[in-house]
Amino acid sequence: MTQIGRPREFDTDQALDRAMEVFWRHGYEGASLADLTGAMGINKPSLYAAYGNKEGLFRKVVARYADVEMAYARRALDQATAHEVAAALLRDNVVALTRPDRPAGCLSIQGGTACGTANAAISEFLAASRLAGEQAIAARFARAVEEGDLPPDADPTALARFLSVVTEGHAVHAAAGAQRGELQQSAEIALRAFDAAAYSVSSAS
């Protein structure tokens, strides 16, 4: 006999992936509970039981996004040189932003840039997430300085900020319809600028 009132079971990763697409396409404020529960295949009580509320769900989605969709950034940090780190990050970022099976752009950018004051915590949360990624890049470049791969007077923080500005700008352009080839061109220009800034510091001093 079917148990009355038994909570509906669902695959949590699959549900998060479906919620991710809704947030990615509509942003945090634009994603309604009806949109989310419909995509996830659950009802509102199940959503509240599993995630607490919409914000709790969004935070789980961002963690899932970082783990799955941003895996290329972690792989980039494992490259042998600062040049290779920057090259992998810039090039793989363009591919990630323009995948035909994903919404164009980046969840971190589209998710909360248009949030009003009532949801300022979401914008702050996403900004902190992006800053953490930038700091990880800076730490990798600091290691490159210690290892002698970058000149001793290179600025790891400024180099990491430059790459973040470029990749975040690419996300905005991808969401607005820029094609992969167009972004690849700007990525290669950015890589040349990175090399000039990172490896020519001592000679320019």
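Structure: see above.
The rules behind these values
Residues numbered from 1 in each chain as written. Predicted model: local features only at pLDDT ≥ 70, side-chain atom pairs only at ≥ 80, totals over all residues. Heavy atoms only, no water. Salt bridge = Lys/Arg side-chain N within 4 Å of Asp/Glu carboxyl O. Helix = DSSP H or I, 4+ residues; strand = E, 2+ residues; numbered from the N terminus. Buried < 20%, exposed > 50% of the residue type's maximum accessible area, 1.4 Å probe, protein only. Phe/Tyr/Trp six-rings, centres within 6.5 Å; stacked < 30°, edge-to-face > 60°.

Peer 1: Teacher, can you tell me more about the pattern of salt bridges here?
Peer 2: Pairs can form between side chains of opposite charge once their charged atoms are near each other. Within the structure shown, the criterion is met by twelve salt bridges. The closest approach of N and O atoms between D17 and R64, which form a salt bridge, is 2.8 Å. Of this pair, D17 sits in helix α1 (residues 12-30) while R64 sits in helix α4 (residues 54-68); the two residues are 47 residues apart in sequence, bridging distant segments of the chain. What makes D17 partly exposed here is its relative accessible area of 31%. R74 serves as the salt-bridge partner of D67, at 3.9 Å between the closest nitrogen and oxygen. Put simply, E69, R99, D101 and R102 are held in one network by salt bridges that share partners.

Peer 1: Just to check I follow, could you spell out the packing of aromatic side chains for this structure?
Peer 2: What describes a pair of aromatic rings is the distance from one ring centre to the other and the angle between the planes of the rings. Tallied over the entire structure, the rule returns six aromatic pairs. Between F23 and Y28 the ring centres are 6.0 Å apart and the planes differ by 10°, which places this aromatic pair in the stacked class. The exposure classification of F23 matches that of Y28, with both residues buried. When the centroid spacing of 5.3 Å and the interplanar angle of 40° are considered together, the rings of F141 and F194 count as tilted. Residue F141 is found in helix α8 (residues 120-147), and its partner F194 is found in helix α10 (residues 180-199); the two are separated by 53 residues along the sequence. For F141, a relative accessible area of 0% gives the class buried. The class for F194 is buried, based on a relative accessible area of 0%. Grouped by ring-pair contacts, the aromatic residues F23, Y28, F58 and F125 constitute a single cluster.

Any link to function would need more than the numbers given here.
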